[in-house]
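What follows is the residue order along each chain.
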Amino acid sequence: MDTVLRAEGVDLFYGEQHAVRKADFSLARGEVAAIMGSSGSGKSSLLYCLAGVLPPTNGTVSFEGVPFSTLPDEELSALRRERIGFVFQYGELLSELTVEENAALPLRLAGIDKDRAHVIAAQVLRRLGLGELLRRRTSKLSGGQAQRVAVARALVHRPDVVFADEPTGALDSTNAAQVLDEFLQLARGQRTAVVIVTHDADVAARADSQYTMSDGVLAQRVAV
Ligand SMILES: Nc1ncnc2c1ncn2[C@@H]1O[C@H](COP(=O)(O)OP(=O)(O)OP(=O)(O)O)[C@@H](O)[C@H]1O
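Quick notes on the rules
Residues numbered from 1 in each chain as written. Predicted model: local features only at pLDDT ≥ 70, side-chain atom pairs only at ≥ 80, totals over all residues. Core = buried A, V, L, I, M, F, W, Y, C linked by C-beta atoms within 7 Å. Buried ≥ 20, exposed ≤ 12 C-beta atoms within 10 Å, placed from the backbone. Helix = DSSP H or I, 4+ residues; strand = E, 2+ residues; numbered from the N terminus. Contact = placed C-beta atoms within 7 Å. Pairing = 2+ DSSP bridges. Near = placed C-beta within 6 Å. Nonpolar A, V, L, I, M, F, W, Y, C, P; charged D, E, K, R; others polar. Axes fitted to C-alpha atoms, helices over the stretch in contact; angles between N-to-C directions. Parallel < 35°, antiparallel > 145°, perpendicular 65-115°, else oblique. Left-handed = near helix turned anticlockwise from the far one by under 90°.

Moving on to the nonpolar core. Ranked by size, the top nonpolar core spans 66 residues in total, and within it L50, A152, F163 and V195 carry the most contacts. With seven residues, helix 5 (residues 143–155) is the largest single contributor of residues to this core. Sequence-distant contacts of F163, defined by excluding residues within four places in its chain, comprise L47, L50, A51, I84, F86 and V195.

Structure (structure tokens):
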């Protein structure tokens, strides 16, 4: 199996608070993994460790076999920027920029010139049904449209892994199901692995592997 991300014995403390307890996790290229668990169980904290945003207190997270902890800050930032994507519950778009400019950001940050970046972004946005809205400011979008832009931005640079923290949690159930379908279809089409945190069992059912988190302890759910 072609493992892209592996966590071994990951602990995360915030002061006295033991948010993640000895988590082991591995993700194959193109795999979709869902993590469920109640509020406060440590899902977001684990995601931050897996994404190299927070260094674990103990244990190791490796990307293609290289521990994040061995990378100098600049290399770690470049890896996060170029090989990883993020989708959050509220999209977290830049409201002063247009749809196209938001979606093109990862490409611009990777040094691709503006015209080319916008051509690629527009292709992805069209696949998400946003072809008519390329020049619209994101502050003028509906929730579902904004979340599609966030999906486009997370996938446009064809990252190896996308982390999604309740990516459709702010949408009504019809919109959520649609955006999630489009997101997973696009990710699977380009073999981007996805780690998705969700409260929704229907969402988790669409993943290749399912985990639960309870009081900081991660456990894989085995299909019966
Ligand atoms: N920056 C922080 N400082 C101190 N404690 C924190 C911090 N962030 C989270 N916690 C605590 O760590 C625990 C895990 O929080 P985390 O946000 O990872 O849970 P979660 O499962 O993602 O919750 P939710 O589903 O509500 O987003 C909680 O008890 C939370 O209060």
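A few words on the pairing of strand 9 (residues 209–214). The pairing of strand 3 (residues 32–37) with strand 9 spans five bridges and is classified as parallel. Counted as the bridge partner of M36 is T212 from strand 9. Between strand 9 and the antiparallel strand that follows it, strand 10 (residues 217–221), lie two residues; D215 among them carries a positive phi value of about 50 degrees.

Looking now at the site of the ligand. Taken together, Y14, Q17, A19, G37, S39, G40, S41, G42, K43, S44 and S45 are the residues near the ligand. Secondary-structure elements contributing two or more residues to the shell around the ligand are strand 2 (17–28) and helix 1 (43–50). With three residues, helix 1 is the single largest residue contributor to the shell around the ligand. Taken together, the residues of the shell around the ligand break down into two nonpolar, eight polar and one charged.

Another point: the sheet that holds strand 5 (residues 66–67). Pairing within the open sheet is antiparallel, and its four strands lie in the order 2-1-4-5. Among the strands making up the open sheet, the edge pair consists of strand 2 and strand 5.

The N-to-C vectors of helix 3 (residues 99–109) and helix 5 enclose an angle of 30 degrees; their axes lie 6 Å apart at closest approach. Regarding the angle of helix 3 to helix 5, the classification is roughly parallel. Handedness of the helix 3/helix 5 crossing: right-handed. On helix 5, the residues that touch V99, N102, A103, L105 and P106 of helix 3 are V149, A152 and R153.

The next subject is the environment of G42. Along the chain, the position of G42 falls in the loop between strand 3 and helix 1. G42 sits in the buried class, given 24 other C-beta atoms within 10 Å. Here the alpha-carbon distance between G42 and A19, two residues 23 residues apart in the chain, equals 5.2 Å. If we ignore the near neighbours within four places in the chain, the residues touching G42 are A19, V20, M213 and G216.

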